[in-house]
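So you can see what is in the structure, the chains are spelled out below.
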Number of protein chains: 2
Amino acid sequence: MKTLREKQEDYARLLLAEGLNLQKGQLLAIDCPVAEAWFARLCARAAYDMGCREVVMNWSDDVLAREKYLRAADEVFDSVHSWTADFYEKVSAEGGAWLAIHASDPENLKGCDARRIQRAQIASGKALANFRKRETNNEFPWCVCSVPTEGWAKKVFPALEGPAAMERLWETILETAYVDGGDAAANWRAHVAELQRRTEVLNRLAFRTLHYQNGLGTDLTVALPESHFWAGGAEKCLSTGLDFSANIPSEEVYTLPVKTGVEGVVYASKPLSLHGNLIDHFGFELKAGKIVRAWAEKGEDVLQKAIAVDEGASYLGEVALVPYDSPISRSGLLFYNTLFDENAACHFAFGEAYPCLTGAETMAPEELRARGVNESMTHVDFMVGTADLSITGVTADGREVPVFVNGNFAL
Amino acid sequence: MKTLREKQEDYARLLLAEGLNLQKGQLLAIDCPVAEAWFARLCARAAYDMGCREVVMNWSDDVLAREKYLRAADEVFDSVHSWTADFYEKVSAEGGAWLAIHASDPENLKGCDARRIQRAQIASGKALANFRKRETNNEFPWCVCSVPTEGWAKKVFPALEGPAAMERLWETILETAYVDGGDAAANWRAHVAELQRRTEVLNRLAFRTLHYQNGLGTDLTVALPESHFWAGGAEKCLSTGLDFSANIPSEEVYTLPVKTGVEGVVYASKPLSLHGNLIDHFGFELKAGKIVRAWAEKGEDVLQKAIAVDEGASYLGEVALVPYDSPISRSGLLFYNTLFDENAACHFAFGEAYPCLTGAETMAPEELRARGVNESMTHVDFMVGTADLSITGVTADGREVPVFVNGNFAL
């Protein structure tokens, strides 16, 4: 049996080989909190083993980020440093591989001024617009993953002591990535193949609308654009044609809604950790696609600010299906981390849409807009899946097909 | 009595208040290894207490730096990333305060290709030329300091276990900065005043040459330019006129030699840790200022490369006097870190000269050159002080004055 450390090494290699499909001579950028530098080093070693040209780091720190929001001068939240913008611009422009290690205390920014967070988000959205566009279009390979931090581990496993919570969260993360001590790459490829099978079934049905209902009160109709397709498991890098997995773990298949084609009420089924703040027991009412009402028992100010960063932030940009009996869901854990929680439940995102339309890569922005693709500088997933969720699809010829029954795929 | 932690907090405040003279609304940049992030956080908190506008970080990591030198593609050593250059350019251009925490294993790059290190140094010299010029001219306040790292502490205290070595090195560093649990700022100011008194004595004497001799074999005559002055303890920021201390600790008073006015042989009295390599038992022969011969029992390839990065690298740029009974010297420790070792012994630097000339700030580059100011993209201190060092000054009227006798000031 492999040790935890050996499995962590397998995980690092998985992220590079399957997550990014890192090529010889390619530049690798790693986002990593300084507190988890050891894992970045593990990835860097694995990357050089694979012939990576150079590893460049984008370090972050929860403590300094919080101090900044609490105590820096007010004007600094309206711009992004030119050197930060340049890093994102240059690495993405040359098609560098990007490993984003999301590891943060879910409530790191609790009590910070929600307006400052919103302003920083707007500034970042503007300054990194090119980068985000390239990311959305898969112009470079990118992979979002996570490693435990002590604050986060204690939040997921509040009954455990620090080191035990860390170890337990590590084991959980490795399980969700199918790193089991065997051939991690082969496991991952088999999993990706299963997700792709699901997208093929959905793509053949080519639904016009999906109707969501559950006991929380969700009653929502979502129109899907003509020539939409469902994606999942692996993406194709536009510049190289190579497959990569943008999220590890990933249990979702997803497409986009018609921007103005969403009607009804939707209730979140899990809390949302957004910019270091926790939003809980929240929901939206939508008319002609627009969120006309938003409420939350906890963190409503952050939520209201988040859907107001620009016009597109109050429209949906993603429709994702995840069975309620997916492995992450079965763990019964609340991760307070979108990468995991989104893979435990059906979800939507408000904000920027992934252009899952056949031929999108050759369409002008106006044409994409005309087809209902939402544009925004933000993209925030929120979970809506429950054990009693039903989703009914309506095909072009008006046939009603049960897509989800009791929280799971019925297809 | 204060705890170690309380003294570390005093030290952080000292670095900001006396080292940088940080002003309300000012930007603060911190160079820090990720492994010592906790100390950067301590400094950031203290900086925000003082009304700092924002703290921006320039993180580094020994492990990743070594991996890069050993395994990255060859071409990456000939350029500096535009985002790195932009960070140095923007922060220095706006007069931001710069705290450089030097904390590294002295032999981190042992065994790495000396040519790669040299090429990286040349690339960095070119890309950061503006920054270096502004730093040399004190156009922004900067302070070099150190905190222990485990590799470094073990090297200084090889007989101690890791944590004990770290604690001992911390205590030593605090002592050298006169952080004794009392009023650290007042201690530092008194020390600076004593260094300034020394510069005044030397400036009144206005030596034309200094003649160095000791039992190691050093026999060197150094011409000092007309209207040179000795500096030490505190610098004046050109843009604000505020005093700051560019090195903490600092025991030196220093000026510049006439570029072409150095003749003879000089032996190093301590090893030199240069770019993560140790150079030991080395020396130079100089003719008309130029190093015409360099030798080292250890690390000669790194030394030869270092004096060859450009034309000015083989000429001297600094003459510094430190008594052999200075507190750092009395500790008897070898720090393998220039910031400390240079303050334990008289030293020179090869490379760029600090323009310690009255009126230098209004002189054109050609005039500075004509007066004998050396220019280089590098500046490397090396120690020459010994217990038997004698230095004799010759004044404008030919009078011989003993400056150092038996390693200590005789003035």
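These figures come from a predicted structure and were not determined experimentally.

A. Looking closely at the overall build of chain A. Of regular secondary structure, chain A possesses 13 helices and 19 strands. What you see for chain A is a C-alpha radius of gyration of 20 Å, in line with the 22 Å of a compact globule of 411 residues. For the C-alpha atoms alone, the extent of chain A along its principal axes is close to 55 × 50 × 50 Å. Counting only residues that meet the buried cut, chain A has 58% of its 411 residues in that class. At a minimum sequence separation of 6, the contacts of chain A that also span at least 24 residues come to 75%. For chain A, the accessible area works out to roughly 15800 Å², and carbon and sulfur atoms hold 49% of it. Of the side chains in chain A, 40 bear a positive and 58 a negative charge, and the two mean positions are spaced by 2 Å.

B. Representation of the interface of chain B and chain A in the model. At the interface, 30 residues of chain B touch 30 residues of chain A. Per-residue buried area on chain B facing chain A is highest for B:Tyr48, B:Arg71 and B:Trp83; these three make up 23% of the total on that side. Between the two partners, chain B and chain A, sit eight salt bridges. Here A:Glu67 ties to B:Arg45 by a salt bridge, and the two come within 3.0 Å at their closest N and O atoms. When the residues that make up the side of chain B that touches chain A are grouped by side-chain class, the tally is 16 nonpolar, two polar and 12 charged.

C. Local environment of the relation of the copies chain B and chain A. Overlaying chain B on chain A yields an RMSD of 0.0 Å, the required transformation being a rotation through 180° with an accompanying axial translation of 0.0 Å. In symmetry terms, the pair is related by a two-fold rotation axis. Taking C-alpha positions as reference, the residue of chain B nearest the rotation axis is B:Trp83, located at 2.3 Å. Comparing interface residues between copies, 100% of those in chain B also sit at the interface in chain A, which points to an isologous, same-surface contact.

D. Fine view of the packing of aromatic side chains. Residues and elements named next belong to chain B. On inspection of all chains with the given rule, the structure shows 56 aromatic pairs over all chains. With a centroid separation of 5.7 Å and 35° between ring planes, the pair formed by Tyr11 and Phe39 is classed as tilted. In this pair, Tyr11 is assigned in helix H1 (residues 4-19) and Phe39 in helix H2 (residues 37-49), connecting sequence segments 28 residues apart. We classify Tyr11 as buried; its relative accessible area is 0%. Given a relative accessible area of 0%, Phe39 falls into the buried group.

E. Inspection of helix H5 (residues 114-127) of chain A at higher detail. Residues and elements named next belong to chain A. If you check H5, its first and last C-alpha atoms are 20 Å apart, about what 14 residues at 1.5 Å a residue would give, namely 20 Å. Elements in contact with the buried residues of H5: helix H3 (62-71), helix H6 (129-136), strand E12 (277-287) and helix H10 (300-306). At the N-terminal end of H5, a side-chain oxygen is found 2.8 Å from the backbone nitrogen of Arg115, two or three residues along, and the residue is Asp113.

F. Looking closely at the environment of A:Gly162. All names here are of chain A. Within the secondary structure, Gly162 is located in helix H8 (residues 162-176). Judged by its relative accessible area of 12%, Gly162 is buried. The spatial distance from the C-alpha of Gly162 to the C-alpha of Asn58 is 26 Å, given a sequence separation of 104 residues. Contacts of Gly162, omitting those with residues within four sequence positions, involve Glu150 and Lys154.

G. Fine view of the environment of A:Ile248. Residues and elements named next belong to chain A. Tracing the sequence through the fold places Ile248 in the loop between strand E8 (243-244) and strand E9 (253-255). Along the sequence, Ile248 and Gly19 sit 229 residues apart, while their C-alpha atoms lie 6.8 Å from each other. When near neighbours in sequence (up to four residues on either side) are disregarded, Ile248 contacts Tyr11, Leu14, Leu15, Gly19, Cys143, Val144, Cys145, Ala177, Trp188 and Leu339.

H. Representation of the pairing of strand E12 (residues 277-287) of chain B in the model. Residues and elements named next belong to chain B. Along E12, nine of the 11 residues are buried, which leaves the element largely enclosed by surrounding structure. Pairing between strand E10 (residues 262-267) and E12: four bridges, direction antiparallel. Residue pairing in the sheet places Gly264 in a bridge with Leu286 of E12. Two successive antiparallel strands, strand E11 (residues 272-274) and E12, enclose a turn made up of two residues, where His275 displays a positive phi of approximately 50°.

I. Quick peek at the sheet that holds strand E3 (residues 97-102) of chain A. Residue and element names in this part refer to chain A. Taken in spatial order, the four strands line up as E2-E1-E3-E4 in an open sheet, and their pairing is parallel. Each end of this open sheet is capped by a strand with a single partner; those strands are strand E2 (54-60) and strand E4 (142-146). Strand-to-strand twist in this sheet, taken as the mean axis angle between neighbours without regard to direction, amounts to 20°. Pairing geometry for strand E1 (residues 27-33) and E3, over four bridges, is parallel. When the bridges of E3 are listed, Asp31 appears paired with Ala100.

J. Quick peek at the pairing of strand E13 (residues 290-298) of chain B. All names here are of chain B. The pairing of E12 with E13 spans seven bridges and is classified as antiparallel. Bridge pairing in E13 links Glu285 to Arg293. In this structure, the hairpin formed by E12 and E13 is closed by a connection of two residues, where Ala288 is found at a positive phi of approximately 50°.

K. Quick peek at the nonpolar core. Among the nonpolar cores identified, the biggest contains 162 residues, and A:Tyr11, A:Leu28, B:Tyr11 and B:Leu28 are the most heavily contacted of them. Once residues within four sequence positions are removed from consideration, A:Leu28 is found in contact with A:Leu16, A:Leu20, A:Leu22, A:Ala47, A:Cys52, A:Glu54, A:Val55, A:Val56, A:Ala97 and A:Leu99.

L. Highlighting the sheet that holds strand E14 (residues 316-321) of chain B. Residues and elements named next belong to chain B. With respect to topology, four strands assemble into an open sheet ordered E9-E14-E15-E16, the strand pairing being antiparallel. At either end of the open sheet lies a strand with only one pairing partner, and these are strand E9 (253-255) and strand E16 (379-383). Adjacent strand axes in the sheet meet at a mean angle of 25° when their direction is disregarded. Relative to E14, E9 runs antiparallel, the two being bridged by three bridges. Its bridge partner being in E14, Val253 is matched across the sheet by Leu321.

M. Expanded view of helix H8 (residues 162-176) of chain B. Residue and element names in this part refer to chain B. Taking 1.5 Å per residue as the helical rise, H8 with its 15 residues ought to reach 21 Å, and the 21 Å between its terminal C-alpha atoms agrees with that figure. Of all the residues in H8, the buried ones are Gly162, Ala165, Met166, Leu169, Trp170, Thr172, Ile173, Leu174 and Thr176. Residues of H8 that are buried sit in contact with H1, H2, helix H7 (150-156), helix H11 (327-330) and helix H12 (338-341). Positive backbone phi, approximately 60°, marks Tyr178, located one or two places after H8.

Calculation criteria
Residues numbered from 1 in each chain as written. Chains lettered and ligands numbered in written order. Predicted model: local features only at pLDDT ≥ 70, side-chain atom pairs only at ≥ 80, totals over all residues. Heavy atoms only, no water. Helix = DSSP H or I, 4+ residues; strand = E, 2+ residues; numbered from the N terminus. Rg over C-alpha atoms; globule rule 2.2 N^0.38 Å. Buried < 20%, exposed > 50% of the residue type's maximum accessible area, 1.4 Å probe, protein only. Contact = heavy atoms within 4.5 Å. Areas by Shrake-Rupley, 256 points an atom, 1.4 Å probe, with all protein chains shown as cover. Lys, Arg positive; Asp, Glu negative; His and termini not counted. Charge placed at Lys NZ, Arg CZ, Asp CG, Glu CD. Buried area = accessible area lost by both parts, 1.4 Å probe. Salt bridge = Lys/Arg side-chain N within 4 Å of Asp/Glu carboxyl O. Nonpolar A, V, L, I, M, F, W, Y, C, P; charged D, E, K, R; others polar. Least-squares fit on C-alpha atoms with pLDDT ≥ 70 in both. Phe/Tyr/Trp six-rings, centres within 6.5 Å; stacked < 30°, edge-to-face > 60°. Expected span 1.5 Å × (residues − 1). Polar contact = N/O pair within 3.5 Å; in protein donor to acceptor, adjacent residues only side chain to side chain. Pairing = 2+ DSSP bridges. Axes fitted to C-alpha atoms, helices over the stretch in contact; angles between N-to-C directions. Core = buried A, V, L, I, M, F, W, Y, C linked by side-chain atoms within 4.5 Å.

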